[in-house]
Amino acid sequence: DVAAARLAKVHTMLRLVREEAAGARRPVVYSDVDAFWLQSPLSRLRRIDAALAFSRDGVATAAGFDGKRGFALCAGFFVARPTAEAAAWLDAWRHKGRGGRKSDQVAANELYDENVGIIADAVVDRCPRGAAPAVWHPYSPARIPGKVDWWGKVLAKIASGDGAAFAGVRCSWGGRHK
């Protein structure tokens, strides 16, 4: 069950937030395996005031995309502070997605309110338009072999110092950077 697997991360994050609340009180970061840490975002993530903050998914075809706010919360990269507020939101998220009724991203976006923080694109970006962000979390509808080939080419360009490393990167099902 894909929905159950995706919500397992929410349950794990909730458990870690509760453990940190009782212990060292460090923020807890969730990062999809396909989010490339080009440099550490931790110092910038620690400065976020919100109890819970998500990266943005600005792709109009993204699950949970809201035309009024111009983005969807991206359930693939977020940070939670060890607070009762973050734990309550994560618990509500877990309950909303139970039973496979909703994807984790749709459920998160249905719960979105002004108390949820947004991580700046300079820290985490799905579709960079200029300088490389600290974390690049690419958007790619391709199957795994295509993704690996494509990611490898972009990462090689970044490593070589190519200032146009993100030129041609697919940012939606149909759009590319010029």
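About the thresholds
Residues numbered from 1 in each chain as written. Predicted model: local features only at pLDDT ≥ 70, side-chain atom pairs only at ≥ 80, totals over all residues. Heavy atoms only, no water. Salt bridge = Lys/Arg side-chain N within 4 Å of Asp/Glu carboxyl O. Helix = DSSP H or I, 4+ residues; strand = E, 2+ residues; numbered from the N terminus. Buried < 20%, exposed > 50% of the residue type's maximum accessible area, 1.4 Å probe, protein only. Pairing = 2+ DSSP bridges. Contact = heavy atoms within 4.5 Å. Axes fitted to C-alpha atoms, helices over the stretch in contact; angles between N-to-C directions. Polar contact = N/O pair within 3.5 Å; in protein donor to acceptor, adjacent residues only side chain to side chain. pLDDT = per-residue confidence, 0-100. Core = buried A, V, L, I, M, F, W, Y, C linked by side-chain atoms within 4.5 Å. Phe/Tyr/Trp six-rings, centres within 6.5 Å; stacked < 30°, edge-to-face > 60°. Lys NZ or Arg CZ within 6 Å of the ring centre and 35° of its normal.

Summarise the pattern of salt bridges; cite the residues concerned and give the values.
According to the stated counting rule, one finds 8 salt bridges in the structure shown. Between Arg56 and Asp121 there is a salt bridge, with its nearest N and O atoms 2.6 Å apart. Highlighted residues: Arg56 in strand 3 (residues 52–57) and Asp121 in the loop between strand 5 (117–118) and strand 6 (124–125), separated in sequence by 65 residues. The residue Asp149 makes a salt bridge to Lys153 at a minimum N-O spacing of 3.2 Å. Here Lys153 and Asp149 lie together in helix 5 (residues 144–159), a separation of 4 residues that amounts to about one turn. Residue classification places Asp149 among the partly exposed positions, given a relative accessible area of 43%.

Help me get a handle on the sheet that holds strand 5, residues and values and all.
Sheet architecture is open: 4 strands sit in the order 1-4-3-5, paired in mixed fashion. Where the open sheet ends on each side, the last strands, each with one partner, are strand 1 (28–31) and strand 5. In the sheet, strand 3 pairs with strand 4 (residues 72–80) via 6 bridges, with the strands oriented antiparallel. Bridging across to strand 4, Phe54 finds its partner in Phe78. Together, strand 3 and strand 4 form the strand contacts of helix 3 (residues 84–96), whose direction differs from that of strand 4 by roughly 140°. Strand contacts of helix 4 (residues 104–111): strand 3 and strand 4, with the helix running at about 85° to strand 4, the strand carrying the most contacts.

Explain the environment of Ser40 to me, using residue names and the numbers behind them.
Position of Ser40 relative to the elements: it lies in the loop between strand 2 (36–37) and helix 2 (42–46). Of the polar contacts made by the side chain of Ser40, one reaches the backbone nitrogen of Leu42; its length is 3.3 Å.

Any chance you could break down the confidence of the model for the protein chain for me, citing the residues and the numbers?
Confidence in the prediction for the protein chain averages 83 pLDDT; 88% of positions are at 70 or higher. For the protein chain, the element scoring lowest by mean pLDDT is helix 5, at 80; strand 1 scores highest, at 94. pLDDT under 50 marks residues 173–178. Its contacts with residues more than four places away, or in other chains, come to 16 contacts.

Lay out the nonpolar core with the relevant residues and their values.
The biggest cluster of nonpolar side chains holds 22 residues, and the ones touching the most others in it are Phe54, Leu90 and Trp93. Among the elements of the structure, helix 1 (2–22), strand 3, strand 4, helix 3 and helix 4 are those that each provide at least two residues to this core. Those residues in contact with Trp93 that sit more than four places away from it in its chain are Leu7, Val10, Phe54, Ala75, Phe78, Asp104, Ala107, Ala108 and Leu111. In this structure, Ala35, Leu45, Ile48 and Ala53 belong to the second largest nonpolar core, which totals 12 residues.

Talk me through the packing of aromatic side chains; I want residue IDs and the actual numbers.
In this description, a pair of aromatic rings is defined by centroid distance and the angle of the planes. Evaluated as defined, the whole model comprises 10 aromatic pairs. When the centroid spacing of 6.1 Å and the interplanar angle of 50° are considered together, the rings of Trp37 and Phe77 count as tilted. One end of the pair, Trp37, is in strand 2; the other, Phe77, is in strand 4, and 40 residues separate them in sequence. Aromatic rings pair up to connect Tyr30, Phe54, Phe78, Trp89 and Trp93 into one cluster. Seen from the ring of Phe71, Arg69 lies directly overhead, with NZ or CZ sitting 5.2 Å from the centre.

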